[in-house]
Structure formats: C-alpha cells, structure tokens
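One letter stands for each residue in the lines below.
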Amino acid sequence: MATAVIATLDPKSRAASRGMSDITIRNLFIIPTILFLIIFNIFPLIYSLGYSFTDFRASTSAAANFVGLQNYRELLNDPYIWNNFAVTAKYVIVSVVGQVVIGFGTAMLLNRDIPFKGLITTLLLLPMMLSMAVVGLFWKLLYDPSFGIINYALGLGKFEWVGNADMALYAIAITDIWMWAPFVMLLSLAGLSAVPKHLYEAAAIDRAGSFYTFFRITLPLVAPILMIAIIFRTMEAFKTFDLAYVLSTQPTTEVISIRLYKMAFQEWQTGRSCALAYIVLIMVLAITNIYVKYLNKVKER
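So, a few notes on the structure that sits alongside this text. Model, not experiment: these values are computed from the prediction.

1. Quick notes on the overall build of the protein
No. 1: A tally of regular secondary structure across the protein gives 14 helices and 0 strands.
No. 2: Beginning at the N terminus, the succession of helices and strands in the protein can be written as α-α-α-α-α-α-α-α-α-α-α-α-α-α.
No. 3: Taken against the 2.2 N^0.38 rule, which gives 19 Å for 301 residues, the C-alpha radius of gyration of the protein at 25 Å runs more than 25% over that of a compact globule.
No. 4: Within the span of the protein, comprising 301 residues, buried residues form 35% of the whole.
No. 5: Contacts in the protein between residues far apart in sequence, at least 24 positions, make up 66% of those at least 6 positions apart.
No. 6: Accessible area of the protein: about 18400 Å², with a carbon and sulfur share of 69%.
No. 7: Computed over 23 positive and 17 negative side-chain charges, the separation of the two mean positions in the protein equals 5 Å.

Written out as structure tokens, the structure reads:
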C-alpha cells in the first residue's frame, strides 16, 4: 500500500497536471546533483591525475611534457617529504588520541541527569562551529608569551609555545583537540544513550564494579560509533592545513598539506604537487580501509 502511494503522483498535484511522471521528477532532483559532483569533484580529480604524470608548471606557458612515474619516484625517494609525513603522523596520533580521550570522557560525564545538561552540551559544541583560521588566530593570541592567558594561568612566565620548535606541533595539536573533541563527544553521547539500561541494572544486581561495567558493557557497545569518530578525525587531521599554517612557521610543524601548498603555489611545481596529492590520497584511503576493516570486526562481536 505504502509503495503504491509513493510510486504514484497525486492527481491533483501541479506535477501531475503538467504531465510529469515520477521518473521525470526524480531526474530533476538527481541529475543536477550528479552534474555538480562530476564538474566540481570527479573532473578535477581526473584532470590532476593527468598532470601528475607531467612536468607541468602553472607559472609558465610551456607545454606539459609526459614524464611517466618520475614525479612519484622522486617524491617517494625524497627524505624531506618523508620527514613531512613523519611530522604529520606524529600530529595525527597526538591530536586524535587527545580528541578521543577528552571527547569520550566528557560524554561519560554528560551521560547522566545533571542540571542544564542541554545548555552545557550546546556550549561545549561551539568550538567545532568556528572557522579553523579564526580558531588559529585566537589561539595564537592565547599562546603569546608576552600577554597570552595560557602562560599566565599556568604560571609559565614567557614560555614559547608556537615559537618553540619542540613545542609548536603539540601546541597546534592542543588547539585541534579543543576544537574537535566536542565532535567525538557528540557521537559518543549518541552511542551511550543507545546502550540498554537493563544491562546496567543486571550488572548492578550481580554487584559488578564500575571498572567491569565499563569494559564489559559500555565500551564494547559504544566502540562502533567511537571507531566512526576516529575514522573521520584521522582523515581530517591528516589533511590539516589551516591551524598549522596560521599558528606556526616552524619546520617541525610542516605537515604534508603545507608542503603540498608550498610545492603547488610557491614553487609552482604543479605536476609534482599533483603527484604528491595522489600519494596523500592513497595513504588516507589505506589508513581508512584499515579502520573500516577493524570497525567491521568490532560490529561482529
């Protein structure tokens, strides 16, 4: 009955009076979307893939010469590029682990009846709604050694955060954690609210401790949603550009996206930068595939 209603137009509707079929209406909504995706997503991907096999430079009018896999070989044999990947990996680990720990911990605290719970949750979500460039400039002021509030609050004097080569990457990761831990918190809250209450009641009857309840009930049931949060945040952290570019110019904070930007728009090595972009894409897809396989294993348990 429901299928028949959905598949048939209302005879009194404007679409029916104009002689428009269900397929026509469907195409009117779907085709523009498909064209938009092809023009702005798929076409640039294919176009840049072609350039990755050439020595093309956008700063000159010279024709692009086909060089095969030379760009890929040179990039994969470049120790400087591998150093950028090492910096990126370090940043991703610190940032994502911090977001998961703080986000999930905050969700655990909010997963109970407390006064003004809705207001508190809304306020905690505000950082992720801000522009990353604005957040970077805001935290750059907070990190300032002369008048930054962080040094004053921690009693660190004129400690250099973003100006210190050893601390700059951690300062950027702290900013990213502040901004995106609420995202993990939001997903974790959704998972925690879906855990059946009778499981906790049964555990309480069996006199199970909080440690046992957390690792036997809460964590296994929330793990799939937590893995989804980790997948999204790992992909985004791997592509981080705004925060690192705004907060610091230290060589120790040059993540791969900044190196890609410099290669493409400062050195004008367009073909080589396209090849680097595809290397990054392949790495992100490989990491995501590993996460998805683990997620499927978690769901099967």
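Okay, back to it.
2. Side note on the pattern of salt bridges
No. 1: Summed over the entire model, instances satisfying the criterion amount to 6 salt bridges.
No. 2: Linking arginine 233 and aspartate 176 is a salt bridge whose minimum nitrogen-to-oxygen distance equals 3.8 Å. Residue arginine 233 is found in helix H11 (residues 210-238), and its partner aspartate 176 is found in helix H9 (residues 168-193); the two are separated by 57 residues along the sequence. Aspartate 176 matches arginine 233 in its accessibility class, with the two residues each being buried.
No. 3: Between glutamate 254 and lysine 262 there is a salt bridge, with its nearest N and O atoms 2.9 Å apart.
No. 4: Given the relative accessible area of 24%, lysine 262 is considered partly exposed.

3. Describing empty space enclosed by the protein
No. 1: The final tally for this structure, using the stated rule, is 1 cavity of 30 Å³ or more.
No. 2: In terms of lining, the largest cavity is formed by Ile231, Thr234, Met235, Phe238, Val284, Ile287 and Thr288.
No. 3: Residue assignment for the lining of the largest cavity shows that the elements contributing at least two residues are H11 and helix H14 (270-300).
No. 4: With 4 residues, H11 is the largest single contributor of residues to the lining of the largest cavity.
No. 5: For the lining of the largest cavity, the residue count by class is 5 nonpolar, 2 polar and no charged.

4. Let's talk about the nonpolar core
No. 1: If you look at the biggest cluster of nonpolar residues, it comprises 56 residues, and the most contacted ones within it are Phe85, Tyr143 and Leu276.
No. 2: Listed by contribution, the elements that provide at least two residues to this core are helix H4 (70-76), helix H5 (79-110), helix H7 (132-142), H9, H11, helix H12 (242-247), helix H13 (256-265) and H14.
No. 3: Counting residues per element, this core draws most heavily on H9, at 11 residues.
No. 4: What leucine 276 contacts, discounting residues up to four positions off in sequence, is Leu75, Ile81, Phe85, Ile256, Leu260 and Met263.

5. Details of the layout of surface pockets
No. 1: Estimated volume of the largest pocket: approximately 580 Å³.
No. 2: Around the largest pocket sit 21 residues that line it, and Leu260, Ala277, Tyr278, Val280 and Leu281 are the ones nearest its centre.
No. 3: Elements that contribute at least two residues to the lining of the largest pocket include exactly helix H3 (22-51), H11, H13 and H14.
No. 4: Of all the elements, H14 adds the most residues to the lining of the largest pocket, at 9 residues.
No. 5: Grouping the amino acids of the lining of the largest pocket by side-chain chemistry returns 16 nonpolar, 4 polar and 1 charged.
No. 6: Empty space within the second largest pocket amounts to approximately 260 Å³.
No. 7: Lining the second largest pocket are 14 residues, with Met108, Asn111, Tyr200, Thr213 and Thr218 positioned closest to its centre.
No. 8: Secondary-structure elements contributing two or more residues to the lining of the second largest pocket are helix H10 (197-205) and H11.

6. What about the packing of H9 against H11?
The geometry of a pair of packed helices is captured by two quantities: the angle between their axes and the separation between those axes.
No. 1: Packing of H9 against H11 leaves a shortest axis separation of 9 Å and a crossing angle of 145°. As for how H9 packs across H11, the hand of that crossing is right-handed. On H11, the residues that touch Asp176, Trp180, Phe183, Val184, Leu187, Ser188, Ala190, Gly191 and Leu192 of H9 are Thr218, Val222, Ile225, Leu226, Ala229, Phe232 and Arg233.
No. 2: Considered class by class, the residues forming the contact of H9 with H11 number 11 nonpolar, 3 polar and 2 charged.

7. Notes on the side chain of threonine 234
No. 1: Relative to the elements of secondary structure, threonine 234 occurs in helix H11.
No. 2: If we ignore the near neighbours within four places in the chain, the residues touching threonine 234 are Val92, Val96, Ile287 and Tyr291.

8. Section: the packing of aromatic side chains
No. 1: Counted by the stated rule, this structure contains 21 aromatic pairs.
No. 2: Each ring, one from tryptophan 139 and one from tyrosine 143, has its centre 5.4 Å from the other, and the planes form 50°; the classification is tilted.
No. 3: What links up through ring pairs into an aromatic cluster is the set Phe138, Trp139, Tyr143, Phe159, Trp161 and Trp178.

9. Quick notes on the side chain of serine 257
No. 1: Inspection of the secondary structure assignment puts serine 257 in helix H13.
No. 2: Engagement of the side chain of serine 257 in a polar contact is seen with the backbone oxygen of threonine 240, the distance being 2.2 Å.
No. 3: Those residues in contact with serine 257 that sit more than four places away from it in its chain are Lys239, Thr240 and Phe241.

Calculation notes
- Residues numbered from 1 in each chain as written.
- Predicted model: local features only at pLDDT ≥ 70, side-chain atom pairs only at ≥ 80, totals over all residues.
- Heavy atoms only, no water.
- Helix = DSSP H or I, 4+ residues; strand = E, 2+ residues; numbered from the N terminus.
- Rg over C-alpha atoms; globule rule 2.2 N^0.38 Å.
- Buried < 20%, exposed > 50% of the residue type's maximum accessible area, 1.4 Å probe, protein only.
- Contact = heavy atoms within 4.5 Å.
- Areas by Shrake-Rupley, 256 points an atom, 1.4 Å probe, with all protein chains shown as cover.
- Lys, Arg positive; Asp, Glu negative; His and termini not counted.
- Charge placed at Lys NZ, Arg CZ, Asp CG, Glu CD.
- Salt bridge = Lys/Arg side-chain N within 4 Å of Asp/Glu carboxyl O.
- 1 Å grid on protein atoms, 1.4 Å probe; cavity = no way out; pocket = protein on both sides within 12 Å on 5 of 7 lines; lining within 4 Å.
- Points joined across faces, edges and corners; volume = space filled by probe spheres on them.
- Nonpolar A, V, L, I, M, F, W, Y, C, P; charged D, E, K, R; others polar.
- Core = buried A, V, L, I, M, F, W, Y, C linked by side-chain atoms within 4.5 Å.
- Axes fitted to C-alpha atoms, helices over the stretch in contact; angles between N-to-C directions.
- Left-handed = near helix turned anticlockwise from the far one by under 90°.
- Phe/Tyr/Trp six-rings, centres within 6.5 Å; stacked < 30°, edge-to-face > 60°.
- Polar contact = N/O pair within 3.5 Å; in protein donor to acceptor, adjacent residues only side chain to side chain.

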